[in-house]
Structure formats: structure tokens, C-alpha cells
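# Secondary and tertiary structure notes
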Amino acid sequence: MLVSDLMTRDVFTLTPDLTLRLAVEELGEHGVHGAPVVTDGAVVGVCSTSDILDFQASEPGVPTSRPDLMEWGEAVVQTPVDDEEEAEPASPYFVDYWEDAGADVFERFSEPGPEWDVLEEHVVGDVMTRRVYALGPGADLADAARFMVDAGAHRLLVLDGAHLVGILSAWDVLKAVADRRI
């Protein structure tokens, strides 16, 4: 049996300028975990849900704590103020003591920044794997399976020269075995 006998011919692709949020949505809509990344008709990489998750996990989020500003043993002593006008309102606590927290709270809620929506702020080209595992459509299926196992790849692109003609996934091979086609 040949790769062309099992490959998916109608290949769903992504573009390198697509936001990661849209990529995740499209991968989900197509029921796949990865897709070739194509620009100007040329394959430039592969993007999988694992690539996106690894990227998301490596991004620092909004800080959950802040560094200590005082050394142990120091205390902030507050005494009663006789004149009510001299008393500081509670709001300076948030302005003065949390000034290193970044953008104003109102700004953060009105315009989420990259720390709030990393997937919207980055594109497929930022996370895609540039190493592409590929075979021709005439390759023997057993050789393709061995190649996938050795490479630790879940999918192989099927290229005729530089032209993408299909994709062979581990799922395709597994379904063929389960259906006793191979």
C-alpha cells in the first residue's frame, strides 16, 4: 500500500499571519490537531495544538505577586491624624503601593493587553515548527509509518516536488488498521 492510498487529499492549511486564537478555532472546527502552514503556495512549516500550548505555557502571565518592598523587621507605623483634611484617602494605597503593577486597572479592563490575551497578540508564524516531515505520494506506507515513529511525528506532509498534495496522519494509519484495510 502507498501513502497516496491513505492520505487526505483535501488538506486544511493555516497561514503564518493568522492569530493563534483564530488558528485554535479553525483547528477545532476542522477536527484536527495540526496543519501545514502555507504562504504563497509554499509550505513554510507546521502548526499543531502542542506548539500553541507550549508557547502559551512559556509566556509569563500577569504577575500574581509583587516583590517585597520592605526588609523584614521594618514596619509601617500609622498614627491618628487630628485634622481630617490631612488624612490620606484609601485610594493612594492602590496608586502608590501598586504603581509597579503595570497599566491602570481601567485600561486593563477596557483594552486587554498581551498579558490578558496572548493568543490574540501572536500569530502562527511565531510558534510553528519549521521542520517539516514529508514524503512523496508514491512512498510505501510501511516506510511512512516507520518514518513517523522514528521522527516522533503525528503527521507527514505529502509533497509532489514542492507542491502539497496531501497529508498522512497517524490517525489515518490507525483507522486503516482498525478497518483492516492494511
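Here's what I pulled together on the structure shown here. (Residues numbered from 1 in each chain as written. Predicted model: local features only at pLDDT ≥ 70, side-chain atom pairs only at ≥ 80, totals over all residues. Heavy atoms only, no water.)

## Brief notes about the overall build of the protein
Which entries qualify depends on this criterion: Strands here are runs of E lasting at least two residues and helices are runs of H or I lasting at least four, both read from the DSSP assignment and numbered beginning at the N terminus. The classification of residues rests on relative accessible area computed with a 1.4 Å probe and restricted to protein chains. Under 20% of the type maximum is buried, over 50% is exposed, and intermediate values are partly exposed. Working rule for contacts: check all heavy atoms of both residues, and any pair within 4.5 Å makes them a contact. All accessible areas in this document rest on Shrake-Rupley with a 1.4 Å probe, and a residue is counted as covered only by the protein chains that are shown.
Within the protein, the secondary structure is distributed over nine helices and five strands. Listing every helix and strand of the protein by position from the N terminus yields α-α-β-β-α-α-α-α-α-β-α-β-β-α. Buried positions account for 28% of the 182 residues belonging to the protein. Counting contacts in the protein only where the partners sit at least 6 residues apart, residues at least 24 apart contribute 58% of the total. With an accessible surface of roughly 12600 Å², the protein has 54% of that area assigned to carbon and sulfur atoms.

## A look at the packing of aromatic side chains
Going by this rule: Each Phe, Tyr or Trp ring, with Trp reduced to its six-membered ring, pairs with another whose centre is within 6.5 Å; inter-plane angles below 30 degrees give stacked pairs, above 60 give edge-to-face pairs, and intermediate values give tilted ones.
Taken as a whole and judged by the stated rule, the model has one aromatic pair. Taken together, a centroid distance of 5.8 Å and an interplanar angle of 85 degrees make the contact between Y133 and F147 edge-to-face. Remark: F147 occurs in helix 8 (residues 141–151) and Y133 occurs in the loop between helix 7 (124–127) and strand 3 (134–135); sequence separation between them is 14 residues. For Y133, a relative accessible area of 24% translates into the label partly exposed. On the basis of relative accessibility, which here comes to 27%, the residue F147 falls in the partly exposed class.

## Quick look at the packing of helix 2 (residues 20–30) against helix 3 (residues 49–58)
Note the threshold: A fitted line through C-alpha atoms serves as each axis, taken over the contacting stretch for helices, and the angle formed by two N-to-C directions is quoted from 0 to 180°. Note: crossing handedness is left-handed where the near helix turns anticlockwise from the far helix by less than a right angle, and right-handed where it turns clockwise.
In contact at an axis separation of 11 Å, helix 2 and helix 3 are set at 145 degrees when each is read in the N-to-C sense. Pair helix 2 / helix 3 crosses with left-handed handedness. Across from L20, A23, V24 and L27 in helix 2, the residues of helix 3 making contact are T49, I52 and F55.

## Digging into the pairing of strand 5 (residues 163–169)
Note the threshold: Here the rule is simple: two strands pair whenever DSSP picks up at least two bridges between them.
Of all seven residues making up strand 5, five are buried, and the element is well covered by its neighbours. Of the pairings in the sheet, the one linking strand 4 (residues 155–160) to strand 5 comprises six bridges and is antiparallel in character. Looking across to strand 5, one finds that V158 is bridged to G166. Taking the residues that link successive antiparallel strands as the turn, the strand 4-strand 5 hairpin has two residues, and the phi of G161 there is positive, at about 70 degrees.

## With respect to the sheet that holds strand 3
Reading across from one edge, 3-4-5 is the order of the three strands in this open sheet, with mixed pairing throughout. Edge positions in the sheet fall to strand 3 and strand 5, since each has one partner strand and no second. Here two bridges tie strand 3 to strand 4, and the two strands are oriented parallel to one another. Its bridge partner lying in strand 4, L135 is registered against V158.

## Let's talk about the nonpolar core
Heads up, the condition is: Within this scheme, the nonpolar core is defined by two criteria: the residues are buried Ala, Val, Leu, Ile, Met, Phe, Trp, Tyr or Cys, and they are joined through side-chain atoms within 4.5 Å.
Counting residues in hydrophobic clusters, the biggest one holds 16 residues, and the most contacted among them are L14, L20, C47, I52 and V124. Secondary structure elements with two or more residues in this core: helix 2, strand 1 (34–39), helix 3, helix 6 (118–121) and helix 7. Top element by residues in this core is helix 2. It accounts for three residues. Setting aside residues no more than four positions away along its own chain, L20 makes contact with I52, F55, L119, H122, V123, V124 and V127. If you look at the next biggest cluster of nonpolar residues, it comprises twelve residues, including L141, M148, L168 and A176.

## Comments concerning the pattern of salt bridges
A side chain with one charge can pair with a side chain of the opposite charge if their charged atoms come near. Stated precisely, the cut-off is as follows: By definition here, a salt bridge exists when the distance from a side-chain nitrogen of Lys or Arg to a carboxyl oxygen of Asp or Glu is within 4 Å.
Evaluated as defined, the whole model comprises two salt bridges. When the shortest N-O distance is used, the salt bridge between E120 and R21 registers 3.9 Å. Linking E120 in helix 6 with R21 in helix 2, this pair joins segments that are 99 residues apart in sequence. R146 is the partner of D150 in a salt bridge, and the nearest nitrogen-oxygen pair spans 3.0 Å. Placement of both D150 and R146 in helix 8 is noted, with a separation of four residues, approximately one turn of the helix. Overall, D150 belongs to the exposed group, its relative accessible area being 58%.

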